[in-house]
Amino acid sequence: MKRFVYADNAATTSVSPKVLEAMLPFFGENYGNAMSLYSKGREAKKPLEEARETIAGILECKPSEIYFTSCGCESDNWAIKGTALANAKKGKHIITSKIEHPAVLETCRALEKQGYEVTYLDVDENGFVNPDDVKNAIRDDTILVAVMYANNEIGTIQPIKEIARIAHERNVYCFTDAVQAVGNIPVSVKDLDVDMLSFSGHKIHAPKGIGVLYIKSGTRVFDLIDGGGQERGRRAGTENTAYIVGIATALKEAVEALPDMKRVEKMRDRLADELLKVPYSRLNGSRENRLPGNINISFEYIEGESMLLLCDMDGICISTGSACSSNSLEPSHVLLAIGLPHEKAHGSARITISHQTTDEDIDYIIEKLPPIVKRLRDMSPIYPANRT
């Protein structure tokens, strides 16, 4: 029987058994609306607020600063558009980076159509934003700096604490998309001193359809949805108690598993070392300062989509970039931003492992992926060995 190896955890994760167990009562017996005053509603309200307290305790903030959304994209939209609209009288200038997730980049582009001005910062060859570039880009009319904590494609971990300090020196808000960071590295909003932070449930073994936005008390952000007064009147809509309990359970479970990330790092490094033995390959992103389970390697003279499909035939799930833009034939904007030419960016493989990954899984990828690259190169007229 063919082995199955899931190595695309940056795209999504399976719901953990503990999370599913914690959620199940709210699909059955505890089905009440948390806004209702009678006992059935209170039975749903209590675990919802306990979940908020759990998340706040882990992030080191107040429970009143935690807001539940439907996903990371919604949280990103709320943080950026909400800040832009609430602070338009001060200015309409936003700073972000060229390697942000589409949820941030497309939101910024939408605001540009409404008269806002956005500065897209360059990154270096490893994908790092230079804090000095942030400092130099801030103007009197700058209202927000939005830089992701860890990149979803190359795993680079940004100096967010320093970036937040620079922003605050000029009375500018700082938001970080921490969707890839939360659950993979320790995250404390108290330590980072950011004004807003987002993360998503389905990246940490909770279901798809639940996210979180941290908004620091005093931050001027427009409300997201008007309606029935849920989420302290800032995001209307009946609370999804089951999924809220699920994301809190998943976050607690992920934090408890953080010590195991040392083992994940060792597996990541072993896999990277073996794959880099393939001729004409290169690691994208920092070797040291990256997410524990992230590997992004470019193989010249092949197409990433063909590699992905052949891996799938061998039971291996990997990707060529962000899952949110996987249907695009354009090369990764992240890889282009770090200086890769189009032809090298097209042949990239993003492999993201987790604490559920085993050494046997790594062995299987090492066994199957290099021959797939060789097979594709054997069919390529531009591969040096095939030129006559």
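Residues numbered from 1 in each chain as written. Predicted model: local features only at pLDDT ≥ 70, side-chain atom pairs only at ≥ 80, totals over all residues. Heavy atoms only, no water.

Trainee: Requested: an account of empty space enclosed by the protein, with residues and values cited.
Mentor: Evaluation of the coordinates by the stated rule reveals three cavities of 30 Å³ or more. Taken as a whole, the largest cavity holds about 250 Å³ of empty space. Asn9, Asn184, Lys203, Ile353 and Ser354 are, among the 21 residues lining the largest cavity, the residues nearest its centre. Residue composition of the lining of the largest cavity, by class: seven nonpolar, 13 polar and one charged. (1 Å grid on protein atoms, 1.4 Å probe; cavity = no way out; pocket = protein on both sides within 12 Å on 5 of 7 lines; lining within 4 Å. Points joined across faces, edges and corners; volume = space filled by probe spheres on them. Nonpolar A, V, L, I, M, F, W, Y, C, P; charged D, E, K, R; others polar.)

Trainee: Report on the sheet that holds strand E12 (residues 348-352), specifying residues and quantitative values.
Mentor: One open sheet holds the three strands; their spatial order is E9-E10-E12, and the pairing between them is antiparallel. Each end of this open sheet is capped by a strand with a single partner; those strands are strand E9 (281-283) and E12. When the angles between neighbouring strand axes are averaged without regard to direction, this sheet yields 25 degrees. For strand E10 (residues 294-299) and E12, the ladder comprises five bridges, and the chain directions are antiparallel. Note that in E12 the partner of Ile295 across the bridge is Ile351. Across the sheet, helix H9 (residues 261-275) touches E9, E10 and E12, and the angle it forms with E10 is around 5 degrees. (Pairing = 2+ DSSP bridges. Helix = DSSP H or I, 4+ residues; strand = E, 2+ residues; numbered from the N terminus. Axes fitted to C-alpha atoms, helices over the stretch in contact; angles between N-to-C directions. Contact = heavy atoms within 4.5 Å.)

Trainee: Mind laying out the nonpolar core, listing which residues take part and the relevant values?
Mentor: Within the largest apolar cluster, 59 residues are counted, with the highest numbers of intra-cluster contacts made by Ile55, Leu197 and Phe199. A total of six residues in this core trace back to one element, the largest contributor, which is helix H2 (residues 39-59). In this structure, Ile55 is in contact with Ile66, Phe68, Phe199, Val212, Ile247, Ala248 and Leu251, ignoring residues within four places of it in sequence. Formed by 31 residues, the second largest nonpolar core is a distinct cluster that contains Val5, Val264, Leu369 and Ile372. (Core = buried A, V, L, I, M, F, W, Y, C linked by side-chain atoms within 4.5 Å. Buried < 20%, exposed > 50% of the residue type's maximum accessible area, 1.4 Å probe, protein only.)

Trainee: Go over the packing of aromatic side chains, please, and point to the residues and values.
Mentor: One pass over the structure, following the stated rule, counts five aromatic pairs. The interplanar angle of 80 degrees and the centroid separation of 6.4 Å between the aromatic rings of Phe27 and Tyr243 together place this pair among those described as edge-to-face. Within this pair, whereas Phe27 is found in the loop between helix H1 (17-23) and H2, its partner Tyr243 is found in helix H8 (residues 241-256), the two being separated by 216 residues in sequence. Taking relative accessible area as the criterion, Tyr243 reaches 22% and is therefore assigned partly exposed. Where Tyr301 meets Tyr383, the ring centres are 5.5 Å apart and the plane angle is 70 degrees; that geometry is what we call edge-to-face. (Phe/Tyr/Trp six-rings, centres within 6.5 Å; stacked < 30°, edge-to-face > 60°.)

Trainee: Quick one: what's the story with a nonpolar patch on the surface, residue by residue and with numbers?
Mentor: On the surface, Val15, Leu20, Leu24 and Phe27 cluster together into a nonpolar patch covering about 370 Å² of accessible area. By relative accessible area, which is 48% here, Leu24 ends up partly exposed. (Patch = residues over 30% accessible without salt bridge, like charges linked within 9 Å, V, L, I, M, F, W, Y side chains within 5 Å. Areas by Shrake-Rupley, 256 points an atom, 1.4 Å probe, with all protein chains shown as cover. Salt bridge = Lys/Arg side-chain N within 4 Å of Asp/Glu carboxyl O.)

Trainee: Outline unusual backbone geometry, listing residues and values.
Mentor: Residue Glu231 is not a glycine yet carries a positive backbone phi of 50 degrees. Along the chain, the position of Glu231 falls in the loop between strand E8 (211-215) and H8. Look at Glu231 and you get buried, because its relative accessible area is 3%. Even without a glycine there, the phi angle at Arg232 is positive, about 55 degrees. Tracing the backbone through its elements, the reader meets Arg232 in the loop between E8 and H8.

Trainee: Let's hear about the packing of helix H10 (residues 304-313) against helix H13 (residues 359-378): which residues, and what values?
Mentor: Taken N-terminus to C-terminus, the directions of H10 and H13 make an angle of 130 degrees; their axes are 10 Å apart at the nearest point. As the angle between them shows, H10 and H13 are arranged oblique. For the pair H10 and H13, the sense of crossing is right-handed. Touching Ser306, Met307, Leu310 and Cys311 of H10 are Leu369, Ile372, Val373, Arg375 and Leu376, all from H13. For the contact of H10 with H13, the class distribution of residues is seven nonpolar, one polar and one charged. (Parallel < 35°, antiparallel > 145°, perpendicular 65-115°, else oblique. Left-handed = near helix turned anticlockwise from the far one by under 90°.)

Trainee: Describe H13, and please don't skip the residues or the numbers.
Mentor: Between the first and last C-alpha of H13 there are 29 Å, a value that for 20 residues agrees with the 28 Å anticipated at 1.5 Å per step. Listed as buried for H13 are Asp361, Ile362, Tyr364, Ile365, Ile366, Leu369, Ile372, Val373, Leu376 and Arg377. As for H13, its buried residues are in contact with strand E1 (5-6), H9, E10, H10, strand E11 (316-317) and E12. (Expected span 1.5 Å × (residues − 1).)

Trainee: Hey, could you go over the sheet that holds strand E4 (residues 117-121) for me, with residue numbers and the actual values?
Mentor: Ordered in space as E2-E8-E7-E6-E5-E3-E4, the seven strands form an open sheet in which the pairing is mixed. The open sheet has two edge strands, strand E2 (66-69) and E4, and neither has a second partner. Adjacent strand axes in the sheet meet at a mean angle of 20 degrees, parallel and antiparallel pairs treated alike. Relative to E8, E2 is paired through four bridges, and the arrangement is antiparallel. Paired with Ile66 across the two strands is Tyr214, which belongs to E8. Helix-sheet contacts for helix H6 (residues 160-169) involve strand E5 (142-146) and strand E6 (173-177), and the interaxial angle to E6 is about 155 degrees.

Trainee: Describe in detail the packing of helix H3 (residues 72-86) against helix H4 (residues 102-112), supporting the description with residues and values.
Mentor: In contact at an axis separation of 9 Å, H3 and H4 are set at 30 degrees when each is read in the N-to-C sense. Taken as a pair, H3 and H4 cross one another with a handedness that is right-handed. Touching Cys73, Asp76, Asn77, Ile80, Lys81 and Ala84 of H3 are Ala103, Val104, Thr107, Cys108 and Leu111, all from H4. Considering only residue class, the contact of H3 with H4 consists of seven nonpolar, two polar and two charged.

Trainee: Provide a residue-level description of H8, including the pertinent values.
Mentor: Because an α-helix packs 3.6 residues into every turn, residues spaced three or four apart end up facing the same way. Between its terminal C-alpha atoms H8 stretches 23 Å, which fits the 22 Å expected from 16 residues at 1.5 Å a residue. For H8, the set of buried residues is Thr241, Ala242, Ile244, Val245, Gly246, Ile247, Ala248, Ala250, Leu251 and Ala254. For H8, the elements touching its buried residues are H1, H2, E2, strand E7 (196-200) and E8.

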